[in-house]
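# Chains, contacts and geometry: an overview
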Amino acid sequence: MKDGARFFAYSTWAVMISLGIIIFTHPFFQFMSESNTTLYLILLGFGFLYFNLTFIVVKRYIKKVPVPTNIHILLSILVFIPPTGWITMMNRPFTQIELLLFLILILASVLGTIIGNRAGIKARYEYIQKLKKHQKKR
């Protein structure tokens with residue numbers, strides 16, 4: 001791995017932010033059993049947060065990666081692990097709500113990875129073009 005230090009930095013902040021989000025949003029889980037509207041709104045917000053986090057992590061990492069790589073998948077897994085562990089540890093016994101949370105988390109992580117990778121490749125291309133233009137000016 002050519003940019004191991006960069007990967008370590010990205011993985012560290014991704015895990016910490018992911019853990020921070022689940023710790024902050026966990027108190028809202030108790031309201032999910034009140035009504036279907038509340039359940040859907042909380043699930044939508046939860047999915048939106050993790051989609052955006054995964055998207056941002058993958059896009060930013062891919063933008064400046066020296067060579068094309070699939071290591072961004074490991075980054076999205078590292079975003080996925082903290083909430084999964086937290087939900088597993090904090091919610092005993094499991095209910096359908098926890099299963100819905102896992103499904104939303106999986107969907108958000110997969111979509112964030114795919115769309116973030118595409119956006120990162122586009123951003124990397126633009127970044128390389130700017131570097132080439134800047135080098136020609138010198």
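The structure contained in this document is the topic of the report that follows. (Residues numbered from 1 in each chain as written. Predicted model: local features only at pLDDT ≥ 70, side-chain atom pairs only at ≥ 80, totals over all residues. Heavy atoms only, no water.)

Here we come to a positive patch on the surface. A contiguous patch of positive charge, built from Lys59, Arg60, Lys63, Lys64, Lys122, Lys130, Lys133 and Lys137, is present on the exposed surface. Residue placement: Lys59 occurs in helix H2 (residues 36–63). Of the residues examined, Lys59 reaches a relative accessible area of 31% and is grouped as partly exposed. (Patch = residues over 30% accessible without salt bridge, like charges linked within 9 Å, V, L, I, M, F, W, Y side chains within 5 Å. Areas by Shrake-Rupley, 256 points an atom, 1.4 Å probe, with all protein chains shown as cover. Salt bridge = Lys/Arg side-chain N within 4 Å of Asp/Glu carboxyl O. Lys, Arg positive; Asp, Glu negative; His and termini not counted. Charge placed at Lys NZ, Arg CZ, Asp CG, Glu CD. Helix = DSSP H or I, 4+ residues; strand = E, 2+ residues; numbered from the N terminus. Buried < 20%, exposed > 50% of the residue type's maximum accessible area, 1.4 Å probe, protein only.)

By size, the foremost hydrophobic cluster in this structure holds 27 residues, and its most contacted members are Phe29, Phe46, Tyr50 and Tyr61. Among the elements of the structure, helix H1 (4–25), H2, helix H3 (72–90) and helix H4 (96–137) are those that each provide at least two residues to this core. It is H2 that contributes the most residues to this core, 10 residues altogether. When near neighbours in sequence (up to four residues on either side) are disregarded, Tyr50 contacts Ser18, Ile21, Ile22, Val79, Pro83, Leu105 and Ala108. (Core = buried A, V, L, I, M, F, W, Y, C linked by side-chain atoms within 4.5 Å. Contact = heavy atoms within 4.5 Å.)

Another point: a nonpolar patch on the surface. Taken together, the side chains of Leu100, Leu103, Ile106, Leu107, Val110, Leu111, Ile114 and Ile115 present a nonpolar region at the surface, about 650 Å² in accessible area. Checked against the element boundaries, Leu100 lands in helix H4.

Okay, the packing of H2 against H3 next. In the contact formed by H2 and H3, the axes pass within 9 Å of each other and the chain directions differ by 150°. In this view, H2 runs roughly antiparallel relative to H3, as classed from their interaxial angle. The chirality of how H2 crosses H3 is right-handed. Side by side, H2 and H3 meet where Phe46, Tyr50, Leu53, Thr54, Val57, Val58, Tyr61 and Ile62 of the first sit next to His72, Leu75, Ser76, Val79, Pro83 and Ile87 of the second. Tallied by class, residues from the contact of H2 with H3 come to 11 nonpolar, 3 polar and no charged. (Axes fitted to C-alpha atoms, helices over the stretch in contact; angles between N-to-C directions. Parallel < 35°, antiparallel > 145°, perpendicular 65-115°, else oblique. Left-handed = near helix turned anticlockwise from the far one by under 90°. Nonpolar A, V, L, I, M, F, W, Y, C, P; charged D, E, K, R; others polar.)

One way to put it is that H1 packs onto H3 with a least axis distance of 9 Å and a crossing angle of 30°. Regarding the angle of H1 to H3, the classification is roughly parallel. As for the relative orientation of H1 and H3, their crossing is right-handed in sense. Taking contact as the criterion, the partners of Phe7, Tyr10, Ser11, Ala14, Val15, Ser18, Leu19, Ile22 and Ile23 in H1 are, on H3, Leu74, Leu75, Leu78, Val79, Pro82, Pro83, Trp86 and Ile87. Class assignment of the residues belonging to the contact of H1 with H3 gives a composition of 15 nonpolar, 2 polar and no charged.

What follows covers the environment of Ile42. Relative to the helices and strands, Ile42 resides in helix H2. Among the residues examined, Ile42 registers a relative accessible area of 17% and is labelled buried. On a C-alpha basis, the gap between Ile42 and Ile104 in space is 11 Å, while along the polypeptide they are 62 residues apart. Sequence-distant contacts of Ile42, defined by excluding residues within four places in its chain, comprise Phe28, Phe29, Phe31 and Met32.

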